Amino acid sequence: MEKYTNIETALIHAGSQIDERTGAVNTPIYQTSTYKQDGLGKMRGYEYSRTGNPTREVLESLIAELEGGYAGFAFGSGMAATTAVLSLFKSGDTILIGSNVYGGTFRVLDKVFDHFDIRYRIADTSDTEAFENAITDDVKAVMLESPANPLMTVTDIAAIAKAAKKHGLTVIVDNTFLTPYLQRPLELGADIVVHSATKYLGGHSDVVAGLAVCSDKDTAEKLAFIQNSTGGVLGPFDSFLLIKGIKTLGVRMDRHVENALKVAERLKENKAVKSIYYPGLKDDPGYETNKKQAKAPGAMISFELDERHDINVFFESLKLVCLAESLGGVESLVCHPATMTHAAIPKEIREKVGITDGLIRLSVGIENVSDIIEDIEQAIKAAEK
Ligand SMILES: *Cc1c(COP(=O)(O)O)cnc(C)c1O
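So, how was this worked out
Residues numbered from 1 in each chain as written. Predicted model: local features only at pLDDT ≥ 70, side-chain atom pairs only at ≥ 80, totals over all residues. Heavy atoms only, no water. Helix = DSSP H or I, 4+ residues; strand = E, 2+ residues; numbered from the N terminus. Rg over C-alpha atoms; globule rule 2.2 N^0.38 Å. Buried < 20%, exposed > 50% of the residue type's maximum accessible area, 1.4 Å probe, protein only. Contact = heavy atoms within 4.5 Å. Areas by Shrake-Rupley, 256 points an atom, 1.4 Å probe, with all protein chains shown as cover. Lys, Arg positive; Asp, Glu negative; His and termini not counted. Charge placed at Lys NZ, Arg CZ, Asp CG, Glu CD. Domains from an automatic or database assignment. Buried area = accessible area lost by both parts, 1.4 Å probe. Salt bridge = Lys/Arg side-chain N within 4 Å of Asp/Glu carboxyl O. Polar contact = N/O pair within 3.5 Å; in protein donor to acceptor, adjacent residues only side chain to side chain. Nonpolar A, V, L, I, M, F, W, Y, C, P; charged D, E, K, R; others polar. Near = heavy atom within 4 Å. 1 Å grid on protein atoms, 1.4 Å probe; cavity = no way out; pocket = protein on both sides within 12 Å on 5 of 7 lines; lining within 4 Å. Sits in = over half its atoms within 2 Å of the grid points. Phe/Tyr/Trp six-rings, centres within 6.5 Å; stacked < 30°, edge-to-face > 60°. Lys NZ or Arg CZ within 6 Å of the ring centre and 35° of its normal.

### Quick look at the overall build of the chain
From N to C terminus, the chain includes 14 helices and twelve strands. Its C-alpha atoms give the chain a radius of gyration of 21 Å, within 12% of the compact-globule value 21 Å for 385 residues. Overall size of the chain, expressed as C-alpha extent along the three principal axes, is 75 × 50 × 35 Å. Counting over 385 residues, the chain shows a buried share of 53%. Here the analysis covers contacts within the chain between residues at least 6 apart in sequence; of these, 71% occur between residues at least 24 apart. A total accessible area of about 17200 Å² is found for the chain, and carbon and sulfur atoms account for 52% of it. Charge centroids of the chain, computed over 41 positive and 53 negative side chains, lie 2 Å from each other.

### As for the domain arrangement of the chain
Segmentation of the chain into domains returns domain 1 (7-247) and domain 2 (250-382). On a C-alpha basis, the centroid separation for the pair domain 1 and domain 2 is 26 Å. Each partner contributes to the interface: domain 1 provides 31 residues, whereas domain 2 provides 36 residues. Considering only the side of domain 1, the residues that lose the most area to domain 2 are Leu 151, Leu 182 and Tyr 200, jointly responsible for 26% of the buried surface there. In this assembly, domain 1 and domain 2 are joined by one salt bridge. Put simply, Asp 156 and Lys 292 hold a salt bridge, and the shortest N to O gap is 2.7 Å. At the surface where domain 1 touches domain 2, the tally comes to 14 residue pairs in polar contact (both at pLDDT 80 or more). Those elements that place two or more of their residues in the side of domain 1 that touches domain 2 are α1 (7-13), α6 (157-166), α7 (179-182) and α9 (236-247). When the residues that make up the side of domain 1 that touches domain 2 are grouped by side-chain class, the tally is 17 nonpolar, eleven polar and three charged.

### Regarding the site of the ligand
Taken together, 13 residues sit near the ligand, with Gly 78, Asp 174, Ser 196, Thr 198 and Lys 199 positioned nearest. Between an oxygen atom of the ligand and a main-chain N or O atom of Gly 78, the distance comes to 2.9 Å. In the model, an oxygen atom of the ligand is placed 2.7 Å from a nitrogen or oxygen of the Lys 199 side chain. If the ligand stood free it would expose 380 Å²; the protein chains cover 91% of that surface. Structurally, the ligand is housed in the largest pocket. For the shell around the ligand, a count of residues per class yields five nonpolar, five polar and three charged.

### Notes on the packing of aromatic side chains
For the structure shown, the criterion picks out six aromatic pairs. Taking the centre distance of 6.4 Å and the plane angle of 65 degrees together, the rings of Phe 113 and Phe 116 count as edge-to-face. When the ring of Phe 314 is compared with that of Phe 315, the centres are 5.4 Å apart and the planes differ by 70 degrees; the resulting orientation is edge-to-face. What makes Phe 314 buried here is its relative accessible area of 0%. Given the relative accessible area of 10%, Phe 315 is considered buried. Ring pairing ties together the aromatic residues Phe 303, Phe 314 and Phe 315, which thus form one cluster. Sitting over the face of the ring of Tyr 181, Lys 295 holds its NZ or CZ atom 3.8 Å from the ring centroid.

In structure tokens, the structure reads:
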């Protein structure tokens, strides 16, 4: 695999995207489940598409190179990628999870891995000392996100990795919100990175996909075995869509961030906004740490309207910004964490961690930023009681 020094170039060329046989500039979609064998045991490099597919392989080597890892694996969703990574552990093992991990990560541990006695405990990874104090003999790994949803809590990944290594833990980082264009957790000491590629990597809200990258050969062999055994692989067409999406990740992220910074500044000035969470604002508690470990703060913003506003009217008054689950696409999306992404959490607990009924999460798209701001401001006005 050729190595690229600059990520903007790697996004477009890494993973040997040019087809060896035909010279096709775009990776062909090898829409096949099986491959001709020239005799017993005489394979041409592929035998069955769960085990290996040329289109998926290009994507897998592309993400491995972008994250600076040893090997990459593509799955049918972010949750399938997380499930494969969690399948590295055994009954009796405990995984520490950050207090604000993605709801689905919490759910799969709480309701599925629970059947196999793989346990979890919640730890505040934004406080390295508290995290280290939570490590007991049964803890084998930590899984975290930075910034973490929906309050955009930043974790010092290098500090956590250093503390975790002292105790021999595997460090898993869900890098969905920043992508390798803005943050590379393996370079900060993590062992495994997972992605919901459904979000920024795909970037066009047209594919559900997951990726995992690990830093060493031993884990790569185990993950390849789990991927082939449990079978949650990404299909050739969806692999193609992701390769295509990743080519423009750099220009998209630059614009996402540029827009998000402007939207956040404007919201902060708006008297109707009671609080705002975005690590790109200088007075955000995560600003310095995020700046140290990432190229930019990403484009996810949460904010809270004061009690003089009706949140239902706000959502119904938006004309451009779309109320929907998911994030990271070219179009701006909003969601209501209390009733959507975090609905499973009891209200008292939600309120305690800041996920109030007035909290709004915004995925800032790459439209003209004045249009985004104008739409949000008119909806805030309309929502005045
Ligand atoms: C969406 C998301 C996931 C789950 O990914 P799917 O592709 O929906 O399965 C995991 N982590 C984060 C941070 C996400 O936003």
